[in-house]
Amino acid sequence: MNGEPRLVRWLVACYPAVWRERYGEEFASVLSDSLTASPVYRLPAFLTNVLYGAVDARLNPEGPFMSERVRVSLVTAVWAAGLFGVAGAGFQKVTEYPDLKEAADQHVAVGWSYDVLLAAAALALLALVLVAAAAAMGLVRQRSMGTLKFLAVPLLAGAAWLGALPLAKWLSGNHGVHSAANLLAIAMLVLASLAVVAATAWTAGVMMRRAQVRALPRLGAITLPAVAGTMAAATLACAAWGVGLWVSDPAEFNSDDGLVASSLSGSWAAITVVMAAATALAVIASRRERSASAGRSAA
Amino acid sequence: VNDELGRWAEPALLVLASLAEGDKHGYAIIQDIAAQLGVTLGAGTLYAVIVRLEARGLVEALPMEGRRRPYRLTAEGARALGAQVARMSDLARLSASRLGLSAG
């Protein structure tokens with residue numbers, strides 16, 4: 001493919017590596033012929049079509065690339081877990097106020113749903129850790145040290161977060177909750193936290209894509225429904241927590257004990273929506289894995 | 001073909017119909033479909049369809065000829081195309097009769 005125009009090589013590179021191994025050369029030839037014959041005004045449609053094909057090849061691997069589909073599903077579940085983790089951190093932040101701890105102790109529905117949420121989130125995390133451990137062991141067996149070096153990415157992100165913490169404390173000082181300095185410090189910490197989550201999810205994705213683990217499809221079949229199910233349970237528990245608080249302690253529910261001293265009900269609603277979105281993403285990943293497994297069984 | 005391939009069903013039929021004439025490589029399929037039916041099949045669409053048809057055993061890849069790889073319609077592919085043609089003929093006949101159009 002070395003003799004192909006740069007544009008053709010770039011377009012072929014947009015397709016997954018396993019796809020390129022099988023179709024890359026002939027596809028490059030078709031692209032070159034099409035480009036030569038195609039008038040300039042058709043170039044945008046041509047490029048759009050090829051890029052659409054690349055997205056399709058990545059999202060909907062077919063036939064011999066079905067195991068790739070399982071990997072895509074696992075990576076999607078990792079990002080869903082990252083999003084869920086962000087919402088979970090928000091929930092933890094909201095519920096650390098003494099008034100809300102008291103509400104959990106006093107009202108059965110609030111305390112019970114809080115416990116269910118924690119247990120479900122822990123189970124979802126455990127399921128993902130199992131898959132990540134299998135991928136990491138596969139990489140160690142492959143002696144794929146180049147990929148294992150990516151583990152430094154979340155560690156560095158974590159170190160950067162720890163570095164941002166004293167800076168945020170210094171920035172906020174003794175300023176009021178809604179002062180510009182305090183809001184800036186909070187925004188900085190939130191951004192640093194998002195960066196840690198994104199770096200971790202990205203690293204897990206890279207490892208799962210590169211690890212040669214024979215049991216990965218079987219692991220995916222077990223863990224993805226578990227992750228989706230436990231996330232759904234945690235989301236329902238979060239919704240129940242808010243409703244329970246609203247019924248048993250309306251004054252607290254309508255207070256300003258939410259994130260950054262904002263409306264508690266608003267914070268709760270936003271957290272629930274993000275959890276629901278993450279759950280939907282995990283359910284999609286699980287369904288895609290199931291259809292890939294069905295395709296493998298039929299093949 | 002329709003049920004399994006979803007949005008790729010129509011371009012898949014075009015590719016099957018093109019290969020029904022004889023073995024062709026990718027760009028020849030695009031040219032044939034454009035010449036016979038006036039439809040411009042994008043390279044991205046063509047290969048999304050070829051991957052699916054090959055996975056289902058409806059077409060098979062032949063050895064490379066230089067940088068090009070010809071594809072052949074399999075017996076299973078011919079059966080799938082025949083079944084689809086029969087369905088489309090029934091639909092065309094029904095529609096023509098209900099619209100009062102002559103079959104010719």
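Rules behind the numbers
- Residues numbered from 1 in each chain as written.
- Chains lettered and ligands numbered in written order.
- Predicted model: local features only at pLDDT ≥ 70, side-chain atom pairs only at ≥ 80, totals over all residues.
- Heavy atoms only, no water.
- Helix = DSSP H or I, 4+ residues; strand = E, 2+ residues; numbered from the N terminus.
- Contact = heavy atoms within 4.5 Å.
- Areas by Shrake-Rupley, 256 points an atom, 1.4 Å probe, with all protein chains shown as cover.
- Axes fitted to C-alpha atoms, helices over the stretch in contact; angles between N-to-C directions.
- Parallel < 35°, antiparallel > 145°, perpendicular 65-115°, else oblique.
- Nonpolar A, V, L, I, M, F, W, Y, C, P; charged D, E, K, R; others polar.
- Salt bridge = Lys/Arg side-chain N within 4 Å of Asp/Glu carboxyl O.
- Expected span 1.5 Å × (residues − 1).
- Buried < 20%, exposed > 50% of the residue type's maximum accessible area, 1.4 Å probe, protein only.
- pLDDT = per-residue confidence, 0-100.
- Pairing = 2+ DSSP bridges.
- Buried area = accessible area lost by both parts, 1.4 Å probe.
- Polar contact = N/O pair within 3.5 Å; in protein donor to acceptor, adjacent residues only side chain to side chain.
- Core = buried A, V, L, I, M, F, W, Y, C linked by side-chain atoms within 4.5 Å.
- Patch = residues over 30% accessible without salt bridge, like charges linked within 9 Å, V, L, I, M, F, W, Y side chains within 5 Å.
- Phe/Tyr/Trp six-rings, centres within 6.5 Å; stacked < 30°, edge-to-face > 60°.
- Lys NZ or Arg CZ within 6 Å of the ring centre and 35° of its normal.

### Re the overall build of chain B
Inference 1: A tally of regular secondary structure across chain B gives five helices and three strands.
Inference 2: The order of helices and strands in chain B, counted from the N terminus, is α-α-β-α-α-β-β-α.
Inference 3: Of the contacts formed within chain B by residues at least 6 apart in sequence, a portion of 48% connects residues at least 24 apart.
Inference 4: As displayed, chain B has an accessible area near 5600 Å², and 53% of this comes from carbon and sulfur atoms.

### As for the packing of helix H2 (residues 17–37) of chain A against helix H3 (residues 43–59) of chain A
Residues and elements named next belong to chain A.
Inference 1: Between H2 and H3, the least distance of the axes is 13 Å, while the angle of their chain directions is 170 degrees. Between H2 and H3, the angle falls in the class roughly antiparallel. Taking contact as the criterion, the partners of Trp19, Phe27, Leu31, Ser34 and Leu35 in H2 are, on H3, Leu43, Phe46, Val50 and Ala57.
Inference 2: Its residues assigned to classes, the contact of H2 with H3 comprises eight nonpolar, one polar and no charged.

### Comments concerning the pattern of salt bridges
Inference 1: By the definition in use, this model includes 12 salt bridges over all chains.
Inference 2: The partner of Glu54(B) in a salt bridge is Arg22(A), and the shortest N-O contact between them spans 2.9 Å. Taken together, the residues span two chains, with Glu54(B) in helix H4 (residues 43–55) and Arg22(A) in helix H2.
Inference 3: Via salt bridges that share partners, Arg22(A), Glu26(A), Glu54(B) and Arg69(B) belong to a single interconnected network.

### Describing H4(B)
For an α-helix the count is 3.6 residues per turn, leaving residues at separations of three or four pointing the same way.
All names here are of chain B.
Inference 1: With 13 residues, H4 ought to run about 18 Å at 1.5 Å a step, and its terminal C-alpha atoms sit 18 Å apart, in line with that.
Inference 2: For H4, every residue scored as buried is listed here: Ala43, Gly44, Thr45, Leu46, Tyr47, Ala48, Val49, Ile50, Val51, Arg52 and Leu53.
Inference 3: Just beyond H4, the residue with positive phi is Gly57, at close to 75 degrees.

### Quick look at the confidence of the model for chain A
Inference 1: For chain A, per-residue confidence averages 82 on the pLDDT scale, and residues scoring 70 or more make up 92% of the total.
Inference 2: Least confident of the elements in chain A is helix H7 (residues 145–148) of chain A, whose mean pLDDT is 75; most confident is helix H1 (residues 6–13) of chain A, at 93.

### Considering the sheet that holds strand E2 (residues 59–61) of chain B
Residues and elements named next belong to chain B.
Inference 1: One open sheet accounts for three strands, arranged E1-E3-E2; its pairing is antiparallel. Each edge of the open sheet is held by one strand with a lone partner, namely strand E1 (24–25) and E2.
Inference 2: The sheet contact formed by E2 and strand E3 (residues 70–73) spans three bridges and is antiparallel. Paired with Glu60 across the bridge in E3 is Arg72.

### Concerning helix H2 (residues 9–19) of chain B
Inference 1: With respect to burial, H2(B) is a largely interior element, nine of its 11 residues being buried.
Inference 2: Within H2(B), burial applies to Ala9(B), Pro11(B), Ala12(B), Leu13(B), Leu14(B), Val15(B), Leu16(B), Ser18(B) and Leu19(B).

### What to know about the interface of chain B and chain A
Inference 1: Contact with chain B, which involves 24 residues of that partner, is made by 26 residues of chain A.
Inference 2: For the pair chain B and chain A, the summed buried area comes to about 2000 Å², and 50% of that belongs to carbon and sulfur atoms.
Inference 3: Among the residues of chain B in contact with chain A, Tyr27(B), Tyr47(B) and Arg67(B) are the three that bury the most area, contributing 32% of the side total.
Inference 4: There are five salt bridges connecting chain B and chain A.
Inference 5: Joining chain B to chain A, the criterion identifies 12 residue pairs in polar contact (both at pLDDT 80 or more).
Inference 6: A total of 10 residues in the side of chain B that touches chain A trace back to one element, the largest contributor, which is H4(B).

### Observations regarding the side chain of Ser32(A)
Inference 1: By the secondary structure assignment, Ser32(A) is in helix H2.
Inference 2: Dropping the residues within four chain positions of it, Ser32(A) is found in contact with Glu4(A), Pro5(A), Val8(A) and Arg67(B).

### Notes on the nonpolar core
Where a protein is soluble and globular, its nonpolar side chains tend to be buried together.
Inference 1: Among the nonpolar cores identified, the biggest contains 46 residues, and Met231(A), Trp241(A), Leu245(A) and Met275(A) are the most heavily contacted of them.
Inference 2: Counting residues per element, the ones that place at least two in this core are helix H4 (66–95), helix H5 (98–106), helix H6 (108–141), helix H9 (180–210), helix H10 (216–248) and helix H12 (264–298) of chain A.
Inference 3: In terms of residue count, the dominant contributor to this core is H4(A) (11 residues).
Inference 4: Listed in part, the 43 residues of the second largest apolar core include Val15(B), Ile29(B), Leu41(B) and Leu58(B).

### Notes on a nonpolar patch on the surface
All names here are of chain A.
Inference 1: On the surface, Leu7, Trp10, Leu43 and Leu51 cluster together into a nonpolar patch covering about 330 Å² of accessible area.
Inference 2: Counting only elements with at least two residues in the nonpolar patch, the list comes to H1 and H3.
Inference 3: Structurally, Leu7 can be placed in helix H1.

### A few points about the packing of aromatic side chains
Inference 1: As enumerated under the stated definition, the model contains 13 aromatic pairs over all chains in all.
Inference 2: Seen from their ring centres, Tyr15(A) and Trp19(A) are 4.3 Å apart, and the 35 degrees between their planes marks the pair as tilted. We note that Tyr15(A), like Trp19(A), is buried.
Inference 3: Ring plane angle 70 degrees and centroid distance 5.1 Å describe the contact between Phe27(A) and Tyr47(B), whose orientation is recorded as edge-to-face. Residue Phe27(A) is located in helix H2, and its partner Tyr47(B) is located in helix H4; the two belong to separate chains.
Inference 4: Across the ring face of Tyr23(A), the terminal group of Arg22(A) is positioned such that the distance to the ring centre comes to 4.1 Å.

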